[in-house]
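Each chain, letter by letter, is given below.
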Amino acid sequence: MLDINFIRDNVDIIKDAARKKHSKVDIDRLVQLDDERKQKLGVVESLRAEQNTASRAVATASNNTEREQLISEMKLLKEDLQAREDELKKIMGDWREIMLQVPNVPDMSVPEGKTDEDNQEFKVWGEKPQFDFEPKDHIELMEDLDMVDFTRGTKVHGFRGYFLKNDGALLSFAIWQYAMDFFTKKGLSPMLPPAIVRKSNLYGTGHLPNEADDIYQTQDDDYLAGTAEVPTMGYYADEVLTAEQLDNAKFLSFSPCYRREAGSHGKDIKGLIRVHEFYKLEQVILCEASHEKSVEYHEQLNRNTEEFIESLNIPYHTVINCAGDLGQGQVKKYDIELWVPREETYREISSASYFHDFQTRRFNIRYKDESGKMRFAHSLNSTAIPTPRVLVSMMENFQNADGSVTIPEVLRKYMGGRERIEK
RNA sequence: GGAGAGAUGGCAGAGUGGUCGAAUGCACCAGUCUUGAAAACUGGAGUAUCGCAAGGUACCGUGGGUUCGAAUCCCACUCUCUCCGCCA
């Protein structure tokens, strides 16, 4: 949600943002509705003022005759007021609907483009492995090592179902544990949030109204969050944060993530790249309403994840997302993608974005700044690490000719000191 | 699942139809006192919105309704708490 006055003052910028993000929102219509809103509001407010004055007169009237007369006059005014209020209500309904569609403005540094294919690589790290044997893909590797069972996964869950088992399960726990240790050292507070959330949280983060198809819903009209960003952002909804709370609003949230993948039925139909249910550690930060702070934290969050991947020694690159690949509320986003040898491509494992006050405005998360003014905080989030997707690269990059897989050094202490996963 | 109580400003908490946008306390800001601080005292201060301003309007969980007038009465919904039941 943007400030309507900001929109009015920057119509061209907003229209350009909508164009870049391929949003069909009609800004001219919004401005027109806002004009009507203001006009009607003026009328309603002056009628209300009249009513309030008259009410006071009724209350202090010296005798009943005077009172009766005032009251009968007020009845007429009341009808007029009610009609006007209905008109205003209707306009406000349309106004709100469009306001929820208005996208946040991408940063100047965000390149134009339509899809993830237009994202621009700006950093490459690590040595891609050279194999002197025919490398296997993660599916074959993991099935051979009895780490995963897709057949029974689909039997139990259906399309995109999977079981992680034995070292597949152990390795997942190792990654979570190691990530917990690694990211909490960066000053984030560990959190286990609910994954079942009320609708308002998804409006808050900006996943609704536009991504409804991709979200699981319960029979109680609750939703299954696709990321811990959703409940973690909701944590401080409708609160005014103290300076201390705002300073410490740096979270590392671990949760299951549920995604219907409604728009991607033909894509990545095998393996662990695209699944309906996975686990993820997510970094979420609230900070003071300063663009510079947002930028600083954004770089930091992204760097945290890069460092984590570097500590695992997996080759990756980082891309800056083009405007067309940004979510409605996002100002700027980096994706970190890991090298997948068999596909000879990089696959996304992390997204780091900042939102300015787009989300906090919807969540109503405020604080008092030094001058005592109420302000909406800024929000940011970034993947710390998703499992099982990270296993795909880990398996393929570290495989050996005999079909075993070398465990990254930093994970060994969580795997009973073992160096390899083997039969 | 059953029974009951409740939701008011940053927090706590009064207020059951008419100058109530709302007492009081705490917290906050400024001043007095003090070498400084604390305490005490004095004063200030809700948020949003319209307006150059004076000032207007809205906001007492949410949405409706009754009324000339609603924090206050009625209806629905949401949430919280207590007790019972069930359950990991």
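Rules used throughout
- Residues numbered from 1 in each chain as written.
- Chains lettered and ligands numbered in written order.
- Predicted model: local features only at pLDDT ≥ 70, side-chain atom pairs only at ≥ 80, totals over all residues.
- Heavy atoms only, no water.
- Helix = DSSP H or I, 4+ residues; strand = E, 2+ residues; numbered from the N terminus.
- Phe/Tyr/Trp six-rings, centres within 6.5 Å; stacked < 30°, edge-to-face > 60°.
- Buried < 20%, exposed > 50% of the residue type's maximum accessible area, 1.4 Å probe, protein only.
- Lys NZ or Arg CZ within 6 Å of the ring centre and 35° of its normal.
- Core = buried A, V, L, I, M, F, W, Y, C linked by side-chain atoms within 4.5 Å.
- Contact = heavy atoms within 4.5 Å.
- Axes fitted to C-alpha atoms, helices over the stretch in contact; angles between N-to-C directions.
- Parallel < 35°, antiparallel > 145°, perpendicular 65-115°, else oblique.
- Nonpolar A, V, L, I, M, F, W, Y, C, P; charged D, E, K, R; others polar.

With that settled, the discussion passes to unusual backbone geometry. A cis amide bond links L208 to the next residue, P209, at an omega of 10°. Inspection of the secondary structure puts P209 in the loop between α8 (199-205) and β6 (216-217). Cis geometry is adopted by the peptide bond preceding P388, which originates at T387 and carries an omega value of 5°. One can find P388 in the loop between β16 (378-387) and α13 (389-397). The phi dihedral of E261 falls on the positive side, at around 55°, and the residue is not glycine. Among the structural elements, E261 can be located in the loop between β9 (250-258) and β10 (277-287).

What follows is about the packing of aromatic side chains. Scanning the model with the defined rule gives 17 aromatic pairs in all. Relative to F308, the ring of Y178 has its centre 5.0 Å away and its plane inclined at 25°; by these criteria the two rings are stacked. Of the two residues, Y178 is situated in helix α7 (residues 167-184) and F308 in helix α11 (residues 291-312); the sequence distance between them amounts to 130 residues. Overall, the relative accessible area of 0% leaves F308 in the buried class. On the numbers, 6.1 Å between centres and 50° between planes, the contact of Y178 with Y414 is tilted. One end of the pair, Y178, is in helix α7; the other, Y414, is in the loop between α14 (409-412) and β18 (420-421), with 236 residues separating them in the sequence. The ring of W339 has K128 sitting right over it, with the charged end atom 4.2 Å from the ring centre.

On to the nonpolar core. Counting residues in hydrophobic clusters, the biggest one holds 54 residues, and the most contacted among them are L171, F308, I385 and M394. Considering every element that reaches this core, the biggest residue donor is α7, with 8 residues. With sequence-adjacent residues up to four places away left out, I385 is seen in contact with I175, A179, Y279, K280, L281, F308, I309, I349 and V390. I27, L30, M92 and V105 belong to the second-largest nonpolar core, a separate cluster that totals 27 residues.

What follows is about the packing of α7 against α13. It is at 11 Å that the axes of α7 and α13 come closest, and there the two elements cross at 110°. By the angle between their axes, α7 is roughly perpendicular relative to α13. Contacts from G168, L171, S172 and I175 in α7 reach V390, L391, M394 and M395 in α13. In terms of residue class, the contact of α7 with α13 is built from 6 nonpolar, 2 polar and no charged.

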